[in-house]
Amino acid sequence: MSVSTTRAIWMDASPLKLDGPQATKAAREQSRAKRQWRLRGTLTSRQYALYAFLGVATPILLWAFVNEAGIVPKMFMPGPLDVLKRFWSWIANEGFAGDLTISVQRVSLGFLASLIIALPLGLVAGTFKPAEAFLEPAMDFIRYMPAVAFVPLMMLWCGVGENSKIAIIFVGTFFQMVLMFADDVRKVPMQQIEAAQTMGGTRREILYKVIFPSAAPALLTTCRITLGWAWTYLVVAEIVAANSGLGYSVLKAQRFLQTDKIFAGLIVIGFLGLIQDQLLRALHHALFPYLRRQ
Amino acid sequence: MTNAIEIKGVFKSFDGKRGRNLVLDDVSLSIAAGTFVTIVGASGCGKSTLLRIVAGLESADGGIVLVGGKEIAGPGVDRAMVFQDYSLFPWLTVAQNVLFSRRLSANKYDNLALERDAEEKRAASLISLVGLSASQDLYPSQLSGGMRQRIAIARALMSKPSIILMDEPFGALDAQTREVMQDLVLDVVEQEGTTIMFVTHDVEEALYLGTQVVLMSPHPGRIDTIYDVPLPKKRDEQMRIDPQFLQLKRTVMERIRDTVGLSLDRSAVGSIEAGA
C-alpha cells in the first residue's frame, strides 16, 4: 500500500519541477490534462466525481434526445420526465412502499439463510482437506445448474407463497457462496496459522481466532458480491411466480403496456443495488480500519 | 552442558513429480543450551524442513527429535518460531500481536489479574527492547518490513521459550536493515539467554550470528560440515571485515558450491567473449 502511494506522489511531483516558476498558466493546465490520461495515471477525487457525473449524465441526455426527436414511439420508450412522473404516482397511489418492503424482505431472508449455512461450510471446506473434497466437487456441479431452472421445482415443493421466492434466492447464491467463502479462507497466509500453532493454539482456537478474523475482509467482500446476485434472483422469482414485489410490478406493467413503469422499476432496482453496495463498502471500511491506505 | 535440541537420525521425504523425493537423509544434530546455531546450505538441502520438524510443524518419517530431553509431539510453547514474513496478524495492533498468546488456552492462569498485569509489562518491555515503543498502537501494515520482523521477534520472546527457531527471518529485508536486525537479535538473545536455531542462505549472516555454523548438502539433505566460529561471543560490525572471518566465509561459500557440484569455470566465460 505504502509503495503505491509513494509512487503516486513521485509521479505528481516530477512534472512540477520541470515546469518551474516561469511556466505559463496555460502550459500548466495542459500538462495537468495530460497527466490524467497517462498510463495508469491518477485523478483527484474532484476530477473523479466530474467524470463519474458525465458517465451518468450522458446516457440520460441521449435518452432525452432520442425521446424528444421522436425516433422511437413514446409507447415503447417514454422520456426521463415521464418516468419520473410515473414513479411519483407509483409512490403515491400504486403501493410502491409495499412492493419495496416485500422485495427487500425476500432478499434479506433468502440471503441470510444462504449466509448462515454457507459460512460454516466455507470455513470448514477452506480449512480441512477432507471437507473440501466432500463439498467442493459436488457444489461445483450444482452451481452450473442455472438457478432459474429450479423455479418449477421450487414452486412444486414450496408452493406459490413466500418460501418459493426465498428458496430460489437461496439456490442462486448458496452454492457459489460456499465455494467463494472456502477460497477466501484458503487465502489466509499459512504463516499466520503456523505462528499460532507454535504459540500453542488448538485447531478450534486457530479457526476462530486466526483464520476467521484473517479472512473476514474477504468474506465480507464475497457477501457484497453475492448480495448483488440475490437481487437478480429475486427479480427472476418475482417475474416468474409472484403477485407482489418490484419484479412483479415490472411484469404487470408490461401486461398493461406501461413502459414508463417498467423503466421506473428497472431504475429503482438499480438504485437499491447501488445503495446496498455502498452500505456494505462503508461497513467494510468501518470494520477493518487496518486495511485503509496509510 | 545439556542439549537443548537433539535430532537423531531424522528422515523426511515429500511426494515430487518423479516419485518420492528424499529431503532429509539420516540427519543428526545436537544443539547445546544457550548457543546460537545457524544452518546454511544450497536451496533444496532441507534446512527449512529440518527447522520445521523441530518446530513440530512437519513430522519426520523416521528418527526422533528431543527438546529438553523429551521427544516432541507437534508444536509447543517451549519452541517459538519467527517466519520470513506474513506471520503477524494484520487486524491486531503491534501490542496486541505481541500479546496474542494470551488469547489461547495454552496459557493457563492461577491468578488472572496479577499474571495479566505481569504479561502486559513484559510485552511493553519487549516492544521497547526491539525499539518500537512509539509504534505499539499501529497496525502491521503501517510498519516497514524490518519493523514487522522486530515485532515477530518480540512476539516469539513473549512466552519465554527456551528455544527460538528462525526461518530466514531477514530474507525479505534490504541489506542495511538486515545488518541492523542481526545486531538486534544478538542483543536480544544475550539478554534473554535463549537457544537459537537459525536457518539462512546468507553465509555472512550465518557466520556473524552463529557460535556454530551447520552446513547442509542437498539432494538428499545431509549435514556436511559443522564450523565453530572463532569470534568472541560479543560480535560487532568490525568483525565482518576481520581477515579470519572473511577466510571462513570464503571456505564455507566454496564448500556450499562444492556440495551442489557447481564450480563455475569462469575462463569459459572469457573464451565466449573472445570468440564473439
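From a predicted model like this one, the values you see are computed outputs, not experimental measurements.

What follows deals with helix α9 (residues 190-198) of chain A. Owing to its 3.6 residues per turn, the α-helix aligns residues three or four sequence positions apart on the same side. Listing the buried residues of α9(A) in full gives A:Gln192, A:Glu194, A:Ala195, A:Ala196, A:Gln197 and A:Thr198. Where the residues of α9(A) are buried, they touch α10 (203-240) of chain A together with α1 (47-55) and β6 (79-82) of chain B. Of the residues trailing α9(A), A:Gly200 is marked for its positive phi of about 95 degrees.

All right, on to the environment of B:Ala32 then. With respect to the helices, strands and loops of the structure, B:Ala32 is situated in strand β2 (residues 19-32). As for B:Ala32 and B:Ser162, which are separated by 130 residues in sequence, their C-alpha atoms are 11 Å apart.

Per the UniProt annotation, the sites labelled "domain: ABC transmembrane type-1" (unreviewed entry) are residues 100-280 of chain A. Measuring from the first to the last C-alpha atom of residues 100-280 of chain A gives 19 Å, for a span that is 86% helix and 0% strand.

Sheet strands associate in pairs through backbone hydrogen bonding, adopting either a parallel or an antiparallel arrangement. All names here are of chain B. Across the sheet, six strands lie side by side as β6-β7-β8-β3-β9-β10; this open sheet has mixed pairing. Either end of the sheet is taken by a strand with one partner, and the two such strands are β6 and β10 (222-228). Each strand axis lies, on average, 20 degrees off the axis of its neighbour in the sheet, ignoring direction. Relative to strand β8 (residues 195-199), strand β3 (residues 36-41) is paired through four bridges, and the arrangement is parallel. By the bridge assignment, Ile-39 is partnered in β8 with Val-199.

In this complex, chain B contributes 24 residues to the contact, which on the side of chain A involves 19 residues. Per-element tally for the side of chain B that touches chain A: the top contributor is β6(B), with three residues. Here the residues of the side of chain B that touches chain A sort into 15 nonpolar, seven polar and two charged.

Residue and element names in this part refer to chain B. As defined by bridge partners, strand β1 (residues 3-16) adjoins strand β4 (residues 62-67) across five bridges and the pair is classed as antiparallel. Considered in β4, the bridge of Glu-6 is made with Leu-66. As judged from the two bridges shared by β4 and strand β5 (residues 70-71), these two strands associate in the antiparallel manner. Note on β5: the bridge partner recorded for Val-67 is Lys-70. The antiparallel hairpin formed by β4 and β5 contains two residues in its connecting segment, where Gly-68 sits at a positive phi of about 60 degrees.

Let's shift gears to the UniProt feature "transmembrane region" (unreviewed entry) in chain A. Residue and element names in this part refer to chain A. What UniProt calls "transmembrane region" (unreviewed entry) maps, in this numbering, to residues 48-66, 109-129, 141-160, 233-251 and 263-283. With 74% helix and 0% strand, the stretch residues 233-251 has end C-alpha atoms that lie 15 Å from each other. What you have in residues 263-283 is 100% helix and 0% strand, and the ends, taken at the C-alpha atoms, are 30 Å apart.

This part is about the packing of helix α11 (residues 246-255) of chain A against helix α12 (residues 259-287) of chain A. Residue and element names in this part refer to chain A. Look at α11 against α12: their axes get within 8 Å of each other, and the N-to-C directions meet at 160 degrees. Classed by the angle they form, the pair α11 and α12 counts as roughly antiparallel. Where α11 crosses over α12, the handedness of that crossing is left-handed. Between α11 and α12, the contacting residues are Leu-246, Ser-249, Val-250, Ala-253 and Gln-254 on the first element and Lys-261, Ile-262, Gly-265, Leu-266, Val-268 and Ile-269 on the second. Each residue belonging to the contact of α11 with α12 can be placed in one class, and the counts come to seven nonpolar, three polar and one charged.

Residues and elements named next belong to chain B. Its domain assignment divides chain B into domain 1 (3-78 + 161-275) and domain 2 (90-160). Each of domain 1 and domain 2 has a C-alpha centre, and the two are 27 Å apart. Listed as interface residues are 14 residues of domain 1 and, on the opposing side, 12 residues of domain 2. Top element by residues in the side of domain 1 that touches domain 2 is helix α5 (residues 175-192). It accounts for seven residues. Taken together, the residues that form the side of domain 1 that touches domain 2 break down as 12 nonpolar, one polar and one charged.

Quick notes on the rules
Sequence order as written defines the numbering, with residues in each chain counted from 1. Naming scheme: in the order in which they are written, chains are lettered from A and ligands are numbered from 1. Given that this is a predicted model, residues contribute local features only at a pLDDT of at least 70 and side-chain atom pairs are listed and counted only at 80 or more, while totals for whole chains, interfaces and linings are drawn from all residues. Exposure in this text rests on C-beta crowding, where 20 or more other C-beta atoms within 10 Å of a residue's own make it buried, 12 or fewer make it exposed, and counts in between make it partly exposed. The C-beta atoms are placed from the backbone. Under the scheme used here, helices are H or I runs from DSSP no shorter than 4 residues and strands are E runs no shorter than 2 residues, and both carry numbers assigned from the N terminus. C-beta atoms are first placed from the backbone for all residues, and any pair lying within 7 Å is then listed as a contact. UniProt positions are given in the numbering used here, feature names are shortened, and annotations may be inferred rather than shown by experiment. Only strands that DSSP links by at least two bridges are regarded as paired with each other. Only the contacting stretch of a helix is used when fitting its axis, a line to C-alpha atoms as for every element, and angles between N-to-C directions run 0 to 180 degrees. Polarity classes work like this: nonpolar for Ala, Val, Leu, Ile, Met, Phe, Trp, Tyr, Cys and Pro, charged for Asp, Glu, Lys and Arg, and polar for all others, with Gly in that last group. Relative orientations are named as follows: roughly parallel for angles under 35 degrees, roughly antiparallel for angles over 145 degrees, roughly perpendicular for angles from 65 to 115 degrees, and oblique for any other angle. Here a crossing is taken to be left-handed if its near helix is turned anticlockwise relative to the far helix by less than a right angle, and right-handed if that turn runs clockwise. These domain boundaries are the output of an automatic or database domain assignment.

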